[in-house]
Amino acid sequence: MSHPGLAEAVAELTGAEAAEPRRLGGGDASAAYEVRLDDGRSVFAKAAPLNMPHALRAEAASLRWLAEAGAARVPEVFGEDEQWLITEHVAEGSPTAEAAAEFGRALARTHAAGATAHGCPPPGGPRDAWIGLAPMRNEPVADWPTFYGTLRVEPYVRRLVDAGTLHRSEAEPITELCERLGELPGADEAPARLHGDLWSGNVHWGRGPEDTTHVWLIDPAAHGGHRETDLAMLRLFGCPRLDQVLAAYEAETPLAPGWHERVGIHQLFPLLVHGVLFGRGFARQAHSVAREALRSF
C-alpha cells in the first residue's frame, strides 16, 4: 500500500507514471519510497514530515545548492511541493578506499565553493529550517564566532535549560566558550558551503556506473558555516573509512593547525540538538566538551 497522493505527485513532478512503490526506511520524520517509473528510471520519494513546515523546500534548496558546487555527488532533484520531494534514487554500495578518497576531495571542493555569509540559507531555502526533527534558524551573520554562538549553540542551550534537561550551572562553560570562539585558529575563515547535518547516515555509499562505488550526500541542512563543523559531525557517530576521507580532504584543502583539538567545539551544535531531541545524556556530553575545550585556551 503506497502513501496517499504518491502516484499523483510522482507523475506531476517527473512527467512519468509510477509503478508500485517500495517502502524504504525513511528518516526520523517522514515516509520514503523507491518508485520505478514507466520510462525505466528509479526515483526516491519522501513525504512531508508532520509538523515541520517548509522542510521539503529547505531540503530541495539544500540539494540544489550543494550540486551547484560541481564537486560532491548529490541526488538530482526532480521536483518538490508541499507534500513530496522527488529525487534520483541511488542504489546502495559498499565503502571502498577509492570512494572514500574521492569523497574527501569532493567535500573539500564543495566547501570551497563558499557561501555569501556564515549562517546564510541556500538560495531559495527558508530561513526557518530543520536539522532532523529540531528547528534550525538560518540568518546571515558577519562572522563565524557570532553565528555559531548565537544561532547554533545558544538557542539549544536555552531550550535545554528551560526544559530542565541542562542545569544552569552546566550551561555556564558553554556560554563562556562561545565568548572565546574568536580566539580559535581558523575562526576568521570565509564561510564554507556546508552540508549541515553530515553524520554517517547522510553519507550514502552508492553504486555508480559500471558498478563502481561513490559517495552521495543526502538529507542536507545546508547553510554557510565553518568547514570544520561538517568534518566534526562525520566523527560524531563514526563514518566508514573516515581516516581516508580526512586525509584526502586535507591533501585537497589543508585545515588550520590543530583542527583535531577543535573537533569537540564543532560537535557542540549536534550534541545540543541531540540533547533537545533525545535527552540529558547528550546535554551532559556537551557540557563536558565545553569544559574540556576551555582548558585549552
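Quick summary incoming for the structure in this document. Everything numeric here is computed off the predicted structure, so don't read it as measured data.

### Observations regarding the packing of helix H4 (residues 144–163) against helix H8 (residues 263–278)
Packed helix pairs are specified by the crossing angle of their axes together with the interaxial distance, meaning the distance between the axes. Relative to each other, H4 and H8 sit at 25 degrees, their axes nearing to 9 Å. Taken together, the axes of H4 and H8 lie roughly parallel to each other. Our pair here, H4 against H8, has a crossing hand that is left-handed. On H8, the residues that touch Trp144, Tyr148, Arg152, Val153, Tyr156, Val157, Arg159 and Leu160 of H4 are Ile265, His266, Gln267, Leu268, Phe269, Leu272, Val273, Gly275 and Val276. Considered class by class, the residues forming the contact of H4 with H8 number twelve nonpolar, three polar and two charged.

### A look at the packing of helix H6 (residues 227–236) against helix H7 (residues 242–252)
The geometry of H6 relative to H7 is characterised by a closest axis approach of 11 Å and an angle of 165 degrees between their N-to-C directions. With respect to their mutual orientation, H6 and H7 come out roughly antiparallel. Classified by chirality, the crossing of H7 by H6 is left-handed. For the pair H6 and H7, the contacting residues are Arg227, Leu231, Leu234 and Arg235 in the first and Leu242, Val245, Leu246 and Tyr249 in the second. For the contact of H6 with H7, the residue count by class is six nonpolar, no polar and two charged.

### Observations concerning the pairing of strand S7 (residues 134–137)
The two faces of a sheet get side chains in turn, since along a regular strand they alternate between them. Judged by which residues are buried, S7 turns out to be one-sided: Ala134 and Met136 face inward and are buried, whereas Pro135 and Arg137, on the alternate face, are not. Both strand S6 (residues 128–131) and S7 contribute to a ladder of four bridges, which runs antiparallel. When the bridges of S7 are listed, isoleucine 131 appears paired with alanine 134.

Reading the values: the criteria
Residues numbered from 1 in each chain as written. Predicted model: local features only at pLDDT ≥ 70, side-chain atom pairs only at ≥ 80, totals over all residues. Heavy atoms only, no water. Axes fitted to C-alpha atoms, helices over the stretch in contact; angles between N-to-C directions. Helix = DSSP H or I, 4+ residues; strand = E, 2+ residues; numbered from the N terminus. Parallel < 35°, antiparallel > 145°, perpendicular 65-115°, else oblique. Left-handed = near helix turned anticlockwise from the far one by under 90°. Contact = heavy atoms within 4.5 Å. Nonpolar A, V, L, I, M, F, W, Y, C, P; charged D, E, K, R; others polar. Buried < 20%, exposed > 50% of the residue type's maximum accessible area, 1.4 Å probe, protein only. Pairing = 2+ DSSP bridges.

All we've got here are geometric facts, nothing functional implied.
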